[in-house]
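Results of the structural survey
Residues per chain, in single letters:
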Amino acid sequence: MKRYWQLIAAGTLAVAGFLAWAADHLEAPLVESDQAADIADVYAFLDPNDNSRVILAFDVHGFIVPGENGNLSGFDHDVLYQFNIENTGDAAPDKFIYVTFDEQTSRSQPQTAHITIAEKKKAGGIVFTAPTTVSSATSPTSPTPVVTTDAATGISFFAGVTDDPFFFDIPAFNRFVGSVLGGAPNLNLLSRGRDTFAGYNIQMIALSVPASLLKGSAGNVIGVSATTLRGRNTHRSPEGDPFDSGDFVAIDRMGVPAVNTALIPFSRKNEYNRATTQDDAAGKFAGSIVGTLTALGTDATHIGILANVAVTKGDMLRLDTSLANSGAQGGNNAGAGFPNGRRPTDDVIDTILFLVTNGGLTTGDHVNANDVLFRDVFPFFAASHQPLDSGVIDDNTRN
Ligand SMILES: [Ca+2]
Ligand SMILES: [Ca+2]
Ligand SMILES: [Ca+2]
Ligand SMILES: [Ca+2]
């Protein structure tokens, strides 16, 4: 009974923070109107087939319906898609992987991606190009992923539309919070088990990188986050085409799931996206995060655990590359997943709910896995959902 009341106490206080929970889909006002640059999730895990390689991935532009796989397949040629790699043990990234795309000229032809890996403040670096995987909004079969491997570095690259790998029941949680607000807490409302993201696609960028190219003086542990950037100045050509110029400014950033979504107050969400992991470590948002967690009923011990994951050394996933990852669908062995990096199969929401509620909420949101199986080989993320043939009654959506 005591535990129940502890949980209800946490739930009562959860209202302010959780009403718009997702991983990072649509988390801030400005990215809602800039979907091309709206990061949804970031992943960092060892290839279970070859633990000497790190899979780095992030996705943008959530909630693509299969019938628009073609029209919503283009990666924005004005966006700089950036992986930040930290390898000295502080909050300052030391290495960057930049991905840009040439303009999409046809729905039936790939875009050309340009991939650069560069040390901090050093120009140049390794550059190779690779085609995107062309999406189809007509075929009932998802296209085979086009994977390009750079011979010089061993880096493999994929970009295209995949199933959205995030899984969570947003309405159930909000209904539960509502029941708490109404004075009649009802845990059964969390038992729908309907994955809000099921049946929808997303634009994925994934790389398989030899760990040796990422590691530094911190040894086996690397930090990983993602940033999308645009040129500071937006223009219109004489014909009316938009284009950007000037130095790059951050549009969105993400490391640990749900930090900006759940823990940063609405009034600071845009500011958070533009800030850096060094800002995090310097305490720029610490007061706001602790304030939200305190209001959620999170105790000092669990605030400390969460701060260690997302604040002390910046909002980055931390992956220990010496921890073996094995199993199907990108790996699923115990003890090797989130908050050690993040694998597609990791139920990150349940982990965060457990920590935020001081270990009170152990059953999560009852969405325990993605709606479709992940691949067992790179890029690991599942095939895109496709328009179905007649007679198929389940399109997976669970609204
Ligand atoms: Ca986002
Ligand atoms: Ca560093
Ligand atoms: Ca999915
Ligand atoms: Ca879950």
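Please refer to the structure higher up on the page.
Quick look at the structure, then. (Residues numbered from 1 in each chain as written. Chains lettered and ligands numbered in written order. Predicted model: local features only at pLDDT ≥ 70, side-chain atom pairs only at ≥ 80, totals over all residues. Heavy atoms only, no water.)

Some details on the side chain of Thr 196
Definition in use: Under the DSSP-based scheme used, a helix requires at least four consecutive residues in state H or I and a strand at least two consecutive residues in state E, with every element numbered from the N terminus. To sort residues, take the accessible area from a 1.4 Å probe on protein chains only and compare it with the maximum for the residue type: under 20% means buried, over 50% means exposed, and anything in between is partly exposed. Any pair of N or O atoms that falls within 3.5 Å is considered a polar contact. Within protein, one atom must be able to donate a hydrogen and the other to accept it, and sequence-neighbouring residues count only if both atoms are side-chain atoms. The contact criterion used throughout is that any non-hydrogen atoms of two residues lie within 4.5 Å.
In this fold, Thr 196 is placed in the loop between helix H4 (170-181) and strand S9 (201-210). Take Thr 196: its relative accessible area is 11%, and that puts it in the buried class. Within the local environment of Thr 196, its side chain forms a polar contact with the backbone nitrogen of Ile 170, the two atoms lying 2.9 Å apart. Look past the residues within four positions of Thr 196 in its chain and what remains in contact with it is Phe 63, Phe 168, Asp 169, Ile 170, Pro 171, Arg 398 and Asn 399.

A short note on the coordination of the calcium ion (ligand 1)
Just so we agree on the cut-off: Distances define the donors: N, O and S atoms within 2.8 Å of the metal qualify, as do those within 3.2 Å of Na, K or Ca. Water is excluded, so some sites may look unfinished.
Surrounding the calcium ion (ligand 1) are the protein donor atoms Asp 24 (O), Asp 24 (OD), Glu 27 (OE), Asp 38 (OD), Ile 39 (O) and Asp 252 (OD), which sit 2.2 to 2.4 Å from the metal. Donor residues for the calcium ion (ligand 1), ordered by position in the chain, follow D-x2-E-x10-D-I-x212-D. One end of the pair, Glu 27, is in the loop between helix H2 (15-18) and helix H3 (29-32); the other, Asp 38, is in the loop between H3 and strand S1 (39-47), and 11 residues separate them in sequence. Taking the relative accessible area as the measure of exposure, Asp 38 reaches 2% and is therefore buried.

Considering the layout of surface pockets
Just so we agree on the cut-off: Cavities and pockets were defined on a 1 Å grid built from protein atoms only: a cavity is a group of points that admits a 1.4 Å probe but offers it no way out, a pocket is an open group of points flanked by protein on both sides within 12 Å along at least five of seven lines, and a lining residue is one with an atom within 4 Å of any such point. Grid points are joined across faces, edges and corners, and a volume is the space filled by probe spheres set on the points.
One number sums up the size of the largest pocket: a volume of about 410 Å³. Lining the largest pocket are 22 residues, and of these Gln 82, Asn 84, Thr 227, Leu 229 and Thr 276 lie nearest its centre. For the lining of the largest pocket, the secondary-structure elements that each account for two or more residues are strand S3 (80-86), strand S4 (95-101), strand S10 (221-236), strand S11 (242-254) and helix H7 (277-281).

Remarks on the coordination of the calcium ion (ligand 3)
Every protein donor of the calcium ion (ligand 3) is accounted for by Asp 163 (OD), Asp 163 (OD), Asp 164 (O), Asn 370 (OD1) and Asp 371 (OD), and the metal-donor separations fall at 2.3 to 3.0 Å. All donors of the calcium ion (ligand 3) belong to a single chain; written as a sequence motif, their spacing is D-D-x205-N-D. In this pair, Asp 163 sits in strand S8 (residues 156-163) while Asn 370 sits in the segment after helix H10 (348-356), placing the two residues 207 residues apart along the sequence. On the accessibility criterion, Asp 163 (0% relative accessible area) is buried.

Structural notes on the pattern of salt bridges
Put simply, the rule reads: By definition, a salt bridge exists where a carboxyl oxygen of Asp or Glu is found within 4 Å of a side-chain nitrogen of Lys or Arg.
Counted by the stated rule, this structure contains 12 salt bridges. With a shortest N-O distance of 3.0 Å, Asp 247 and Arg 232 are connected by a salt bridge. Residue Asp 247 is found in strand S11, and its partner Arg 232 is found in strand S10; the two are separated by 15 residues along the sequence. You can call Asp 247 partly exposed: its relative accessible area is 44%. Under the relative-accessibility criterion, Arg 232 is labelled exposed at 52%. With its nearest N and O atoms 3.1 Å apart, the salt bridge here joins Arg 268 to Glu 271. Taking the relative accessible area as the measure of exposure, Arg 268 reaches 18% and is therefore buried. The partly exposed category is assigned to Glu 271, whose relative accessible area is 29%. Linked through salt bridges whose partners overlap, the residues forming this network are Asp 34, Asp 76, Arg 230 and Asp 244.

Observations regarding empty space enclosed by the protein
Space left empty within the atom packing is revealed by a probe, the size of a water molecule, rolled over the atoms. Operational definition: Residues are grouped as follows: Ala, Val, Leu, Ile, Met, Phe, Trp, Tyr, Cys and Pro are nonpolar; Asp, Glu, Lys and Arg are charged; every other residue, Gly included, is polar.
Applying the stated criterion to the full structure yields five cavities of 30 Å³ or more. Lining the largest cavity we find 19 residues, and of these Val 256, Val 259, Leu 263, Leu 306 and Ile 352 sit closest to its centre. Ranked by residues supplied to the lining of the largest cavity, first place goes to helix H9 (residues 300-310) with four residues. For the lining of the largest cavity, the per-class residue count stands at 19 nonpolar, no polar and no charged.

Description of the pairing of S10
Our working definition: Only strands that DSSP links by at least two bridges are regarded as paired with each other.
Across seven bridges, the pairing between S3 and S10 is antiparallel. Considered in S10, the bridge of Asn 84 is made with Ser 225. Two elements, S10 and strand S12 (residues 317-320), share four bridges in a ladder whose sense is antiparallel. From the neighbouring strand, Val 224 faces S12, where its bridge partner is Leu 317. Linking two consecutive strands that pair antiparallel, namely S10 and S11, is a turn of five residues; a positive phi of about 105 degrees is found at Gly 240 within it.

Side note on helix H8 (residues 286-296)
Note the threshold: The arc refers to the directions leading from the helix axis to the C-beta atoms.
Those residues of H8 not exposed but buried are Ser 288, Ile 289, Thr 292, Leu 293 and Leu 296. Projected onto a plane normal to the axis of H8, the buried residues spread over an arc of 125 degrees and lie on a single side. The positive-phi residue at the C-terminal boundary of H8 is Gly 297, with phi of around 90 degrees.

Quick word on the sheet that holds strand S2 (residues 50-64)
Strand order across the open sheet formed by five strands is S1-S2-S9-S8-S7, with antiparallel pairing between neighbours. Lying at the two open borders of the sheet, with one neighbouring strand each, are S1 and strand S7 (148-149). Note: S1 against S2, eight bridges, orientation antiparallel. Across the sheet, Tyr 43 pairs through a bridge with Ala 57, a residue of S2.

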